[in-house]
Amino acid sequence: MSYARVLCVGLVGVAGRLVEVEADLSVGLPAVVLTGLPDTALHEARDRVRAAVVNSGREWPNRRITVNLLPAALPKQGSSFDLAIAAALLAGAGDLPATPLEGVVLLGELGLDGAVRPVRGVLPMVAAAAQAGITRVIVPLANAREATVVPGVTVRAVDSLRRLVDFVHGAGRLLEPPPESPHAPRSGPDLADVSGQQLGRYALEIAAAGGHHLALLGPPGAGKTMLAERLPSILPELGDEAALEVTALQSIAGVLPPDSGLIRRPPFQAPHHSSSLASLIGGGSGLARPGALSLAHQGVLFLDEAPEIGRATLQALRQPLENGRVVLGRARGTTEYPARVQLVLAANPCPCASTAGDTSCTCSPLVRRRYLGRLSGPLLDRIDIRIDLLPMRAAQLMATAGPAESSAVVAARVARARTAAAQRWAADGWRLNAEVPGPQLRRPPWLLPGQDTAVLREALDRGRVSARGFDRVIRLAWTIADLDGRERPGREDVAEALQLRTGRAGPTAGPPRTTSAHRCRPRRGPAGSRPLTPTRHRHHHRGLAGSRQLTPTRHHHHRGLAGSRPLAPGRHRVRRGQRACWQRVRVRFRFSGQLRGRRIGGAAMNGPGSDADRAARVALTWLAEPGNRAVWTMVQRGGAEATLDRLIAGDIPDGPLRSAVAARSRADDPRRAAEIALRLGDEVGARLIVPADPEWPARVSALATLETDIAGRVNQDTRPPLCFWVLGSLPLGATLDRSVAIVGARAATGYGVHVTSTLAYDLAERGWTVVSGGAFGIDAAAHHGALAADGLTVSVLACGVDRPYPVSNAALFARIAERGLLISEWPPAAEPFRHRFLIRNRVIAAATAGTVVVEAAARSGATQTMSRVLALNRPAMVVPGPVTSAMSVGCHELLRAHPATRLVCSAHDVLQEVGRIGEYLEPPPRGQERVRDRLDEESALILEAFPRRGPATPEELAATARLDLRTVLRRLTLLEATGLVIRTESGITLAPRKP
């Protein structure tokens, strides 16, 4: 017999085609002719097969040999046909019986010594044979484990041509595939290794749960690569179909490990930024081979230093990201490979890549724009999540609160979210939210209500997102809802998704605010801190977290805890005489503060009033704003030290408080903050007063009974103080025993200043202490009047006692500290945030025997103080003003709306009313409503957390406002929609106030 036929398989991309290898031996000049569109490697099989046959002890037939590969029109490539050609040739020469090889697929490359060597693509070849009805295959021994993955096929292995010949002759046996190796435990980088970067971890979890693409922008060392490398660790293992595709691609590329079975772990590809287009997308001579994009199929493709990658290479990703496949056309044919990947882009914000981030960037705005402009808009439009990562700080890196969540914990949440999505889309064949087409999400029953997507539709109309971006935000919202265990996303989920989508990563990112070489560059503190304001020649002393220090100093920056901020240059500078006066007061009280400070009364080593108890109360005031209901209740039940331990350990029943404490703890260690505060207090001569001290004012304890205000609203932040910082030599309790508060408008008229000064003078002359807040207008007039009578006056501050605010009243504060008292619940150097004045007002209302309001507009903090006075059943007194004066509208409304209020015109009237019990009714009417009035409490806190100048990041806002990151992300979108904040080239900042 001079003809024989053997089966083999050829590959086109990842698809296999059954190939018949025919051999015909005829009379003629000895030669081997190969037909059927073989490539160069297959043409060279003639010499390899001849040497292998001879070296295997068989005789080479010296005839004209024609080897044909059917179908002839299908291009064939590679060396996997060698074993089939040798078997067909020997069978045609009569050296082998053809019957044992019928219906058997032969795969393998022959060495010159007759050894059968492994080849690429055995898995898809065997799968194609199974689809064609073939049930038996013979493969190289090194590929046998791979071939057994295909079900329904009997796999045998050979290590040499001689073994195959002996088997066909019945003189030997083929080899069995090696046994499956035990499943190795999942190992690799773990999320627990990542310190800080709460936003980055959360974005990674969302990306894993929904299959979303992710872009990370940040300075070197911020954790971009660490986060990306840990994305596969939180992805679930691949299913059978996906694992088969991934293993086949690895086999075709020749990177499948020896004796490997199905690859169950999602692949991770991280090509170098200098990689060529062919290495990333796929290519090669003849029919193209898969690149890194296809090798990352069903896994993660990480492109680090993305702006350094060639523009054409990046642009080639656009179509595969949409279609999930890459089609490569070459002269010999077209090849298609699957490419459904999760893309993770990482980039530095500028070429200089300063480790401190934008604050020390030396690049010009044009250079930054060009650098980030290499990431084109169409490519970024396909990225679902874009976030900025802040530089790491020592407080985050050296945190001792316990390790972060491990990959196993996060992977469990991701698996639950993916299961929910797969069940929802099972009828349509989708597995992940990222796979769902946009039109499907815009039709019932998946169409979200209009009120839930209003902010997103507005963003689309304003051009903040494209139509593609609209759909991707909706997909993100579904993923967020799945992670939270909800059936459908709501308004806040859409707002959070939009915030994650519209991050700064991309060509719209702007330069830092100041880059001129002659200016002092702003510097950043630990996580959550704000940068120092750029200034010329003047530097600022930095103090406690969330504060500005009192006195500007020259030549050096002194840094304190995270969140501190200097006095803005050019605004409210202390005059030279005022500064000198204030410095004298600080020196004078330094010694008295040591005598009357933390150790007053000979406190015990432990228990109420001890040093540990005082330090714990200071730390609690740093962790949560004074007056917090939950903190005060915990202190009353278990003591300050135990409460601090519970808060640091996270044992907090109150949800908002737990979020606030977590955000604040990430900024710095509470105990360290307390130590700094106590040291600053000693330096400035301030003493710390706690309830166990003899001079503690007893009246403030009435705040414990204050459940609602006069409007019936629940008071959340009106509990008694945990401590007082006092600057002055007088005993606090005795000074406040006979005291009257005088409050009113800052923009006081001449009438109001005159009436207040006279009233305070007369009260002080009669031996009563005048209490006020130290602000402009009525407050300052009250203090001046009492001092003019050589009487006592107390200023209750909403900042540190060492910090005059407003600064223009520094000389007044110095006189008060010498002849009266400055008191505050906040530690030295604390900053006067707006909401702190409202918290401070409850102390003014509770610490005095009665309160007088002189000039208050319809919208005034004085009326809010009066609401506390009425709720406490303390005497509430009002001085009337001209009916034509807008500054007296609030006073008149208090008189009209509340029977408990009393009209007073003189000190005699005030003294008659002190001690009377009043009633509270409806609150006074409010002035014209503004957009800010419609904000909820969380949005108002975020708005107050913005720096007066410059942008802020969500993580900085979360730390300052003491809210969790997800709440900040959701509320920022709503604040943008209302026009209160805007997104600039440098980040998110307050919108300019309208004139």
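Residues numbered from 1 in each chain as written. Predicted model: local features only at pLDDT ≥ 70, side-chain atom pairs only at ≥ 80, totals over all residues. Heavy atoms only, no water.

An unreviewed UniProt entry lists the protein under the name AAA+ ATPase domain-containing protein, from Actinoplanes palleronii.

### Describing the overall build of the protein
When you go through the protein residue by residue, the secondary structure sums to 38 helices and 31 strands. Across the 995 residues that make up the protein, the buried fraction comes to 56%. When contacts within the protein are restricted to residue pairs at least 6 apart in sequence, those whose partners lie at least 24 apart make up 74%. Surface accessibility of the protein: about 39500 Å² in total, with carbon and sulfur atoms responsible for 52%. (Helix = DSSP H or I, 4+ residues; strand = E, 2+ residues; numbered from the N terminus. Buried < 20%, exposed > 50% of the residue type's maximum accessible area, 1.4 Å probe, protein only. Contact = heavy atoms within 4.5 Å. Areas by Shrake-Rupley, 256 points an atom, 1.4 Å probe, with all protein chains shown as cover.)

### So, the packing of helix α29 (residues 750-765) against helix α30 (residues 778-788)
Direction vectors running N to C along α29 and α30 enclose 40°, while the axes themselves pass 7 Å from each other. Of the two possible hands of crossing, α29 and α30 adopt the one that is right-handed. Residues Gly752, Val753, Thr756, Ser757, Ala760, Tyr761 and Ala764 of α29 form the contact with α30, whose own contacting residues are Ile778, Ala781, Ala782, Gly785, Ala786 and Ala788. Of the residues that constitute the contact of α29 with α30, the class distribution is nine nonpolar, four polar and no charged. (Axes fitted to C-alpha atoms, helices over the stretch in contact; angles between N-to-C directions. Left-handed = near helix turned anticlockwise from the far one by under 90°. Nonpolar A, V, L, I, M, F, W, Y, C, P; charged D, E, K, R; others polar.)

### Remarks on the sheet that holds strand β29 (residues 901-903)
In spatial order, the strands read β21-β22-β26-β25-β24-β23-β27-β28-β29; together these nine strands make up an open sheet with mixed pairing. At either margin of the open sheet sits one strand with a lone partner, and together these are β21 (687-689) and β29. The sheet shows a mean angle of 30° between the axes of neighbouring strands, direction not considered. Sheet topology places β21 next to strand β22 (residues 724-727); three bridges connect them, and they run antiparallel. Counted as the bridge partner of Arg687 is Val726 from β22. (Pairing = 2+ DSSP bridges.)

### Description of the packing of helix α7 (residues 198-210) against helix α20 (residues 467-484)
With their axes 9 Å apart at the nearest point, α7 and α20 run at an angle of 100° to one another. The orientation of α7 relative to α20 falls into the category roughly perpendicular. Of the residues in α20, those touching α7 at Tyr202, Glu205, Ile206, Ala209 and Gly210 are Leu476, Thr479, Ile480 and Leu483. Its residues placed into classes, the contact of α7 with α20 shows six nonpolar, two polar and one charged. (Parallel < 35°, antiparallel > 145°, perpendicular 65-115°, else oblique.)

### Notes on the sheet that holds strand β18 (residues 385-388)
Strand order in this open sheet of five strands is β11-β14-β17-β10-β18, and the pairing throughout is parallel. Strands at the two margins of the open sheet, each flanked by one partner only, are β11 (268-269) and β18. Pairing geometry for strand β10 (residues 214-217) and β18, over four bridges, is parallel. By the bridge assignment for β18, Ala215 is matched with Arg386. Of the strands in this sheet, β10, β17 (342-347) and β18 are in contact with α7, which crosses β18 at around 170°.

### Brief notes about unusual backbone geometry
Trans peptide bonds make up the majority, and among non-glycine residues the majority have a negative phi. Residue Leu70 is joined to Pro71 through a cis peptide bond whose omega torsion reads 0°. Secondary-structure assignment places Pro71 in the loop between β4 (64-70) and α3 (82-92). The peptide bond linking Tyr805 to Pro806 adopts the cis configuration, its omega dihedral lying at 0°. By secondary structure assignment, the location of Pro806 is in the loop between β25 (793-797) and α31 (810-819). Phi at Asp790 takes a positive value of approximately 60°, unusual for a residue other than glycine. Positionally, Asp790 belongs in the loop between α30 and β25. Even without a glycine there, the phi angle at Glu855 is positive, about 60°.

### A short note on the nonpolar core
Grouped together as the largest cluster of nonpolar side chains are 96 residues, with contacts concentrated most on Leu106, Leu301 and Leu317. When sequence neighbours within four positions are dropped, the list of residues in contact with Leu317 reads Leu280, Ile281, Leu293, Leu301, Leu303, Leu343 and Leu379. Core analysis: the second largest hydrophobic core is formed by 54 residues, Leu389, Val455, Val465 and Ile480 among them. (Core = buried A, V, L, I, M, F, W, Y, C linked by side-chain atoms within 4.5 Å.)

### Examining helix α24 (residues 629-638)
For α24, the set of buried residues is Val631, Trp632, Met634 and Val635. The buried residues of α24 occupy one face: seen down the axis, they fall within an arc of 160°. Facing away from the buried side of α24 by more than 90 degrees, the exposed set consists of Gln636 and Arg637. Where α24 is buried, its residues contact α23 (611-623), α25 (640-649) and α26 (655-667). Where α24 starts, the residue carrying a side-chain oxygen 3.0 Å from the main-chain nitrogen of Ala630 turns out to be Asn628. Within two residues after α24, Gly639 carries a phi angle of roughly 95°, on the positive side. (Arc of directions from axis to C-beta. Polar contact = N/O pair within 3.5 Å; in protein donor to acceptor, adjacent residues only side chain to side chain.)

### What about the pattern of salt bridges?
Within the structure shown, the criterion is met by 49 salt bridges. Of the charged contacts, one joins Arg842 and Glu825 as a salt bridge, the two residues approaching to 2.8 Å between their closest N and O atoms. In this pair, Arg842 sits in helix α32 (residues 834-847) while Glu825 sits in the loop between β26 (821-824) and α32, placing the two residues 17 residues apart along the sequence. Under the relative-accessibility criterion, Arg842 is labelled buried at 0%. Among the residues examined, Glu825 registers a relative accessible area of 3% and is labelled buried. Because the salt bridges share partners, they merge into one network encompassing Asp484, Arg486, Glu492, Asp493, Glu496, Asp936, Glu938, Arg966, Arg970 and Arg971. (Salt bridge = Lys/Arg side-chain N within 4 Å of Asp/Glu carboxyl O.)

### Things to note about the packing of aromatic side chains
Applying the stated criterion to the full structure yields seven aromatic pairs. A centroid spacing of 6.0 Å and a plane angle of 70° characterise the contact between Trp425 and Trp478, whose relative ring orientation is edge-to-face. On the criterion of sequence distance, the pair formed by Trp425 in the loop between α17 (407-424) and α18 (438-441) and Trp478 in helix α20 is long-range, its members being 53 residues apart. Per residue, the accessibility class of Trp425 equals that of Trp478, and both read buried. (Phe/Tyr/Trp six-rings, centres within 6.5 Å; stacked < 30°, edge-to-face > 60°.)

### A short note on the environment of Gly218
On the secondary structure map, Gly218 appears in the loop between β10 and α8 (224-229). Under the relative-accessibility criterion, Gly218 is labelled buried at 3%. Each C-alpha atom of the pair Gly218 and Ala346 lies 8.0 Å from the other, and the pair is 128 residues apart in sequence. When neighbours within four sequence positions are excluded, Gly218 is seen to be in contact with Lys224, Ala347, Asn348, Pro349 and Leu389.

### Notes on the environment of Arg679
For Arg679, the position within the fold is in helix α27 (residues 670-684). The class of Arg679 is partly exposed, set by a relative accessible area of 46%. With 149 residues separating them in the primary sequence, Arg679 and Pro828 have C-alpha atoms 9.2 Å apart.

### Concerning the state of the cysteines
Applying the stated criterion across every chain yields a total of zero disulfides. Take Cys352: it sits in no disulfide, and the sulfur closest to it among the cysteines is that of Cys350, at 3.3 Å. (Disulfide = S-S within 2.5 Å.)

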